[in-house]
Amino acid sequence: MPTSSLRDRSGAALWRRPWLRGLATLSPPLAWFVVVYLTSLVLMLITAFFQVNSLTSQIVYQWTWSNFSEIFTQSVYGQIILRTVVMAVLVTLTDAVVALPFAFFLAKVARPRLRQFLVALLLLPLWASYLAKVYAWINILSDKGVLPGLEARFGLPVTHFAYSNTAMWIVFSYLWLPFMILPVYGSLERVPDSLLEASADLGAGSWFTFRTVVLPIVLPGIVAGSIFTFSLTLGDFITPLLIGGSSSNFIGNAIYDSALNGGNLPFAAALAFVSIVIMGVYLFLARLAGAFEAL
Amino acid sequence: MRISGWMRIALGAFVGLVILFLMAPLVVITLFAFDRSNVQTFPIQHWTLSWFSVAWHDQAVRSAFWLSLKAGVVATVIALVLGVLVSFGIHRFRFFGREAVSLMLVLPIALPGIVTGLALQSAFNLAGTPFSVYTIIVGHATFCIVVVFNNVVARLRRTSDSLIEASADLGARPWQTFRFVTFPVLRTAVVAGGLLAFALSFDEVIVTTFTAGAQNTLPLWIFGAIRLGQQLPEVNAVVVCVVALTLLPIAYAAKISSSDQTAKALA
């Protein structure tokens, strides 16, 4: 190679040494993740074991369990954690129950054209601004809102969902529904029609086929979707604040209040620690159900 | 499993109801943005465009919009560079801890957003970093990387490695292979990933709450206004514009990738 440029030579050198290429491509993103994300997480977890001096409101860098003992001894935090987890489970179940028939229709009943149209319609609310959707629900559920207005016009009993846990349940289920439908649809698409026909030919009824053939194949999709519905509900503080009632505080609200209003970062970190543990348990259970192949 | 006629009708009706449920809020905010009344009540009596003009001339909205735009663009560029690199790294190389790296990339969206937000705030606090547009960007870039990664790695998996070997066999230098083979194959996936990352950043509230300090991005301005119950008709107009602005890049991203792949990439 008499006239090879530096660029060619460096390219060739990289080509001959795969580990060097690997290092060159992977080190910038890994450095970012380790420096920015993992370090921050570790710092937060350490902060959870510090305390704020109530007089100076400065962080005292001294190891203590007091944040955790406060969380586990004061019943108000027990209630908050319980409320958050129960809501996350309820929303996840609701979305799974709604998503299954919807995704089944998409994958097995709708013709390609209709399917495309419906998927596009799903992406619309999925990507429309979060606050826009929450704000819309305030206008729908409030006492002078659209729902009571329509109910009154049609002579139906007027509902008062606004600012309650029921309202939160409706709004959360709405917000995360597309996150459940899409992975379930993805896994249903992989079920060949012939499998359903074979089951019917062998004498299985619809319900039996659904339970023994469809459900096992779709389960990883449901679990994958449920990771989103569960995690997104678990970490929210905006919907509880804007849609929930006076007693709708979530873990997220407690974190928000202590970190941003109370100036008690260590206590907020301890609460975040608790949500990581809850999410860790959930991911562990999801892994048992084999969800990670579908992610 | 034979799907009987009745079942088809029942399923179809159910799907119709769910679609109505999904679309109703979007229709409601769009309609209310044109409601002349100060207090939003149903049914709407008089129509107007004036709230859009009020929002347009509001200095607070304008500066919030620029901050969101700046943060979104820079975060997207960072996420594109790092996301494409990590996609190549994960796809091309087998190394110890490969699974752990993929898992780590998903963490910012698998863990509740408030955890990411608080973690960054703790780190900035300990490091003594004052809040600025850069602290917002760092947070946004971190959770946007995975969106780019999902798109690009999916495309790499569908692209046969023999294309690259063929290019080398035909005498292309590594850079030429990248310039004329690898990049054109990836281009639409990269663009789609970037658009989705921007849309995600432009709309993000939870992480931003913890990394913005006293600054207002557009979503933070909206959140504050709804919370205080002030300027609600103006909020409504802003919110409709934000929806339109986020859906435009999404629609374009969907158009450049084929519909089925997009459904998975967007999820």
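Procedures and definitions
- Residues numbered from 1 in each chain as written.
- Chains lettered and ligands numbered in written order.
- Predicted model: local features only at pLDDT ≥ 70, side-chain atom pairs only at ≥ 80, totals over all residues.
- Heavy atoms only, no water.
- Helix = DSSP H or I, 4+ residues; strand = E, 2+ residues; numbered from the N terminus.
- Buried < 20%, exposed > 50% of the residue type's maximum accessible area, 1.4 Å probe, protein only.
- Contact = heavy atoms within 4.5 Å.
- Core = buried A, V, L, I, M, F, W, Y, C linked by side-chain atoms within 4.5 Å.
- Buried area = accessible area lost by both parts, 1.4 Å probe.
- Salt bridge = Lys/Arg side-chain N within 4 Å of Asp/Glu carboxyl O.
- Polar contact = N/O pair within 3.5 Å; in protein donor to acceptor, adjacent residues only side chain to side chain.
- Nonpolar A, V, L, I, M, F, W, Y, C, P; charged D, E, K, R; others polar.
- Axes fitted to C-alpha atoms, helices over the stretch in contact; angles between N-to-C directions.
- Parallel < 35°, antiparallel > 145°, perpendicular 65-115°, else oblique.
- Left-handed = near helix turned anticlockwise from the far one by under 90°.
- Phe/Tyr/Trp six-rings, centres within 6.5 Å; stacked < 30°, edge-to-face > 60°.
- Lys NZ or Arg CZ within 6 Å of the ring centre and 35° of its normal.

*Asks:* Explain the environment of F49 of chain A to me, and be specific about the residues and the numbers.
*Replies:* Residues and elements named next belong to chain A. Tracing the sequence through the fold places F49 in the loop between α2 (18-47) and β1 (51-52). On the accessibility criterion, F49 (9% relative accessible area) is buried. Residues F49 and N67, 18 residues apart in the sequence, show an inter-C-alpha distance of 7.0 Å. Not counting residues up to four positions away in its chain, the partners in contact with F49 are Q62, W63, T64, W65, F68 and F273.

*Asks:* How would you sum up the nonpolar core? Please name residues and give values.
*Replies:* In terms of nonpolar packing, the biggest core is built from 182 residues, with L188, I238 and I255 of chain A together with L118 and I222 of chain B touching the most fellow members. Once you skip the residues sitting within four places of it in the chain, I222 of chain B turns out to touch L131 of chain A together with V235, V238, V239 and V242 of chain B.

*Asks:* Pulling in residues and values, what's your account of the interface of chain B and chain A?
*Replies:* If you look at the interface, chain B gives 86 residues, while chain A gives 98 residues. For the pairing of chain B and chain A, the buried interface totals around 8600 Å² over both sides, and the portion due to carbon and sulfur atoms is 80%. At the boundary of chain B and chain A, one finds zero salt bridges. One can count seven residue pairs in polar contact (both at pLDDT 80 or more) joining chain B with chain A. With 15 residues, the top contributor of residues to the side of chain B that touches chain A is helix α1 (residues 5-32) of chain B. Each residue belonging to the side of chain B that touches chain A can be placed in one class, and the counts come to 66 nonpolar, 13 polar and seven charged.

*Asks:* If you had to explain the pattern of salt bridges to someone new, which residues and values would you point to?
*Replies:* Two side chains bearing opposite charge may form a pair once their charged atoms approach each other closely. Residues and elements named next belong to chain A. Summed over all chains, the structure comprises one salt bridge over all chains. Notably, a salt bridge pairs K108 with D193, separated by 3.0 Å at the nearest N-O pair. Placement of the pair is K108 in helix α4 (residues 75-109) and D193 in helix α9 (residues 193-201), with a sequence separation of 85 residues.

*Asks:* For the environment of L111 of chain B, give the residues involved together with the corresponding values.
*Replies:* With respect to the secondary-structure elements, L111 of chain B resides in the loop between α4 (98-110) and α5 (113-127). Accessibility expressed as a relative area gives 7% for L111 of chain B, which makes it buried. Among all residues touching L111 of chain B, those that are not within four sequence positions of it are Y37, L41, S231, I276 and M279 of chain A.

*Asks:* Outline the packing of helix α12 (residues 251-261) of chain A against helix α13 (residues 265-288) of chain A, supporting the account with residue identities and numerical values.
*Replies:* Residues and elements named next belong to chain A. Axis separation between α12 and α13 bottoms out at 7 Å; the angle between their running directions is 160°. One element, α12, and the other, α13, form an angle in the roughly antiparallel class. Like other packed secondary-structure pairs, α12 and α13 cross with a definite hand, here left-handed. Between α12, through I251, A254, I255, S258 and A259, and α13, the contact on the second element is made entirely by L265, F267, A268, L271, A272, S275 and I278.

*Asks:* Describe the packing of aromatic side chains, and please don't skip the residues or the numbers.
*Replies:* The tally for this structure, following the rule as stated, stands at 29 aromatic pairs over all chains. An angle of 85° between the planes, with centres 5.1 Å apart, marks the rings of F49 of chain A and W65 of chain A as edge-to-face. Remark: W65 of chain A occurs in the loop between β2 (59-60) and α3 (66-73) and F49 of chain A occurs in the loop between α2 and β1; sequence separation between them is 16 residues. On the basis of relative accessibility, which here comes to 57%, the residue W65 of chain A falls in the exposed class. Here the aromatic residues Y130, F172, W176, F179, F228 and F250 of chain A are joined through ring pairs into a cluster of three or more. In this structure, R62 of chain B is placed above the aromatic ring of W56 of chain B, and the distance from its NZ or CZ to the ring centre is 5.1 Å.

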